[in-house]
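Residue-level listing of the chains:
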Amino acid sequence: MGQAFCCVQVDQSNVAIREQFGKFDEVLEPGCHCLPWFLGSQLAGQLSLRVQQLDVRCETKTKDNVFVTVVASVQYRALAEKAADAFYKLSNTRAQIQAYVFDVIRASVPKLELDSTFEQKNEIAKAVEEELEKAMSAYGYEIVQTLIVDIEPDEHVKRAMNEINAASRMRLAAGEKAEAEKLLQIKRAEGEAESKYLGGLGIARQRQAIVDGLRDSVLAFSVNVPGTSAKDVMDMILVTQYFDTMREIGASSKSSSVFIPHGPGAVRDITSQIREGLLQAEAA
């Protein structure tokens, strides 16, 4: 309807291409323009100046013969000052960009092993961007940015990589667990050694106290009861200890049965053995 009145509207972020008798005449900026069709002027089309994005999926092979799918995201836009070149020189901009992306990726990735491909994806993106910038600037397009957004190995390769990673982590965990058990055993052994050491000190002090108490008792009894020797006192104390032990064994319901000689002669033998043991210990 606007062209019937020789007027045409160009939207914001767009430019229009005006032709006269089929030949390029002028690039129209956003706004309202007079287009006298009776003088051969016509609107050939409009060109968007917005940033556009093209996602390209490219399958290729790495240096270690692993097939991967590389997903590249190319952001581009037409230049207003080169709108005529962008409109007339390319019939399919997206296909042209995709061809250049395929060419660069399939030239770069086969030089790298799989792990290096993941590590150097920024370098691959930079190579794609430089090649596109150099090629597309002649057609009136600017490459804003190129990103390698994903690298997808074959499903079997991905599963194998996950298994390798899991095995490595399990091996590391096993080593840490073994080290923890080793430390635990060392600490337990140190604790047992310290416990035995302290127990030994307690037993030694207990025996020393018993010996001191017996010595004091013998001396006190010898002083208070004239005519008794230290040997008589020791015999009496040992017999008393013997009967106390027998009473405790018989009074306890949970103790195991212990059979020992308990006649008068046996008591005298036990007394002699204990006394000899004490005398040998003092001599040592």
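For the structure itself, look to the data block above.
A. Looking closely at the nonpolar core. Grouped together as the largest cluster of nonpolar side chains are 31 residues, with contacts concentrated most on I97, V101, I105, L132 and Y141. Those elements that provide at least two residues to this core are strand 6 (52–61), strand 7 (67–78), helix 1 (83–88), helix 2 (93–108), helix 4 (121–136) and strand 8 (141–153). The element that contributes the greatest number of residues to this core is strand 7, accounting for six residues. V101 has contacts with V56, A72, V74, V128 and L132, leaving out every residue within four places of it along the chain. Formed by five residues, the second largest nonpolar core is a distinct cluster that contains V8, V10, A16 and L35.

B. Region of the structure containing the sheet that holds strand 5 (residues 41–48). The strand order 3-2-5 describes an open sheet built from three strands, whose pairing is antiparallel. In this open sheet, the two edge strands, each paired with only one partner strand, are strand 3 (23–28) and strand 5. Pairs of neighbouring strands in the sheet enclose a mean axial angle of 30°, with direction left out of account. Of the strand pairs in this sheet, strand 2 (residues 14–20) and strand 3 are connected by five bridges, and their pairing is antiparallel. By the bridge assignment, I17 is partnered in strand 3 with V27.

C. Region of interest: a negative patch on the surface. A cluster of acidic residues, D64, E113, D115 and E119, forms a negative patch on the protein surface. You can see D115 is positioned in helix 3 (residues 114–119). The exposure class of D115 is exposed, given its relative accessible area of 52%.

D. A nonpolar patch on the surface, seen in detail. Taken together, the side chains of W37, F38 and L39 make up a nonpolar region of the molecular surface, amounting to roughly 370 Å² of accessible area. Assignment of secondary structure puts W37 in the loop between strand 4 (31–34) and strand 5. Its relative accessible area of 53% is what places W37 among the exposed residues.

E. Fine view of the pattern of salt bridges. Scanning all chains against the criterion turns up seven salt bridges. The shortest N-O distance in the salt bridge between K89 and D85 comes to 3.8 Å. One connected set of salt bridges, linked through shared partners, spans R18, D25 and E26.

F. Structural detail: the packing of aromatic side chains. What the rule picks out here adds up to three aromatic pairs. Summarising the aromatic geometry, the rings of F24 and Y88 are spaced 5.9 Å apart at their centres and angled 80° between planes, so their arrangement reads as edge-to-face. With F24 in strand 3 and Y88 in helix 1, the pair connects residues that are 64 residues apart, well separated along the chain. What makes F24 partly exposed here is its relative accessible area of 35%. Members of the aromatic cluster, joined through ring pairs, are F24, F87 and Y88. When the ring centre of F102 is taken as origin, the NZ or CZ atom of R106, which lies over that ring, is 4.8 Å away.

G. Expanded view of the packing of helix 2 against helix 4. Two elements in contact, helix 2 and helix 4, have axes whose closest approach is 9 Å; the angle formed by their N-to-C orientations is 135°. Between helix 2 and helix 4, the crossing angle belongs to the class labelled oblique. The two elements helix 2 and helix 4 cross, and the hand of that crossing is right-handed. Between helix 2 and helix 4, the contacting residues are T93, Q96, I97, Y100, V101, V104 and I105 on the first element and A127, V128, E131, L132, A135 and M136 on the second.

H. Region of interest: the sheet that holds strand 7. Taking strand neighbours across the sheet as the criterion, the three strands line up as 6-7-8 in an open arrangement whose pairing is antiparallel. Looking at strand neighbours, the two that pair on one side only are strand 6 and strand 8, the edges of this open sheet. Averaged over all neighbouring strand pairs, the angle between strand axes comes to 20°, with direction disregarded. One ladder, built from 10 bridges, connects strand 6 with strand 7; its direction is antiparallel. Looking at the pairing, L54 lines up with V74 of strand 7. Lying on the sheet, helix 4 is in contact with strand 7 and strand 8; it crosses strand 8 at an angle near 145°.

I. Quick peek at helix 2. Along its 16 residues, helix 2 runs 23 Å from first to last C-alpha, staying within 8% of the 22 Å computed at 1.5 Å per residue. Buried residues of helix 2: T93, I97, V101, V104, I105 and S108, and no others. Down the axis, helix 2 shows its buried residues gathered within 95° of arc, on one side only. Those residues of helix 2 hidden inside the fold are in contact with strand 6, strand 7, helix 4 and strand 8.

The rules we used
- Throughout, a residue's number is its position along its own chain's written sequence, starting from 1.
- Predicted model: local features are reported for residues with pLDDT of at least 70 only, side-chain atom pairs are reported and counted for 80 or more only, and whole-chain, interface and lining totals are derived from all residues.
- Calculated side-chain values reflect all of the structure's heavy atoms, with hydrogen atoms and water omitted.
- Only buried Ala, Val, Leu, Ile, Met, Phe, Trp, Tyr and Cys residues count toward a nonpolar core, and they belong to the same one when joined by side-chain atoms within 4.5 Å.
- Accessible area is worked out with a 1.4 Å probe on protein chains only. A residue is then buried under 20% of its type maximum, exposed over 50%, and partly exposed in between.
- A run of DSSP states H or I qualifies as a helix once it reaches four residues; a run of E qualifies as a strand once it reaches two. Both are numbered from the N-terminal end.
- We call two residues in contact when some of their heavy atoms are within 4.5 Å.
- Any two strands are treated as partners once DSSP identifies two or more bridges connecting them.
- Inter-axis angles, ranging from 0 to 180 degrees, are taken between N-to-C directions of lines fitted to C-alpha atoms, where helices are fitted over the stretch in contact.
- Two distance rules govern patches: like charges are joined within 9 Å, and nonpolar side chains (Val, Leu, Ile, Met, Phe, Trp, Tyr) within 5 Å, applied only to residues with over 30% relative accessible area and no salt bridge.
- Values of accessible area rely on a 1.4 Å probe in the Shrake-Rupley scheme; residue burial ignores everything except the protein chains shown.
- For this analysis, a salt bridge means a side-chain nitrogen from Lys or Arg found within 4 Å of a carboxyl oxygen belonging to Asp or Glu.
- Charged-residue counts in this description rest on Lys and Arg as positive and Asp and Glu as negative, His and the chain ends being excluded.
- For charged residues, the charge sits on one atom: NZ in Lys, CZ in Arg, CG in Asp, CD in Glu.
- Between rings of Phe, Tyr and Trp, where Trp is taken as its six-membered ring, a pair exists when centres lie within 6.5 Å; planes separated by under 30 degrees are stacked, by over 60 edge-to-face, and by other angles tilted.
- Comment: the charge-over-ring label is applied if NZ (Lys) or CZ (Arg) is within 6 Å of the ring centre and within 35 degrees of the ring normal.
- With respect to orientation, any angle under 35 degrees is reported as roughly parallel, any angle over 145 as roughly antiparallel, any angle of 65 to 115 as roughly perpendicular, and every other angle as oblique.
- With the far helix as reference, a near helix turned anticlockwise by less than a right angle produces a left-handed crossing, and one turned clockwise produces a right-handed crossing.
- The span you would expect from a helix comes to 1.5 Å times its residue count less one.
- It is the directions from the helix axis to the C-beta atoms whose arc is reported.

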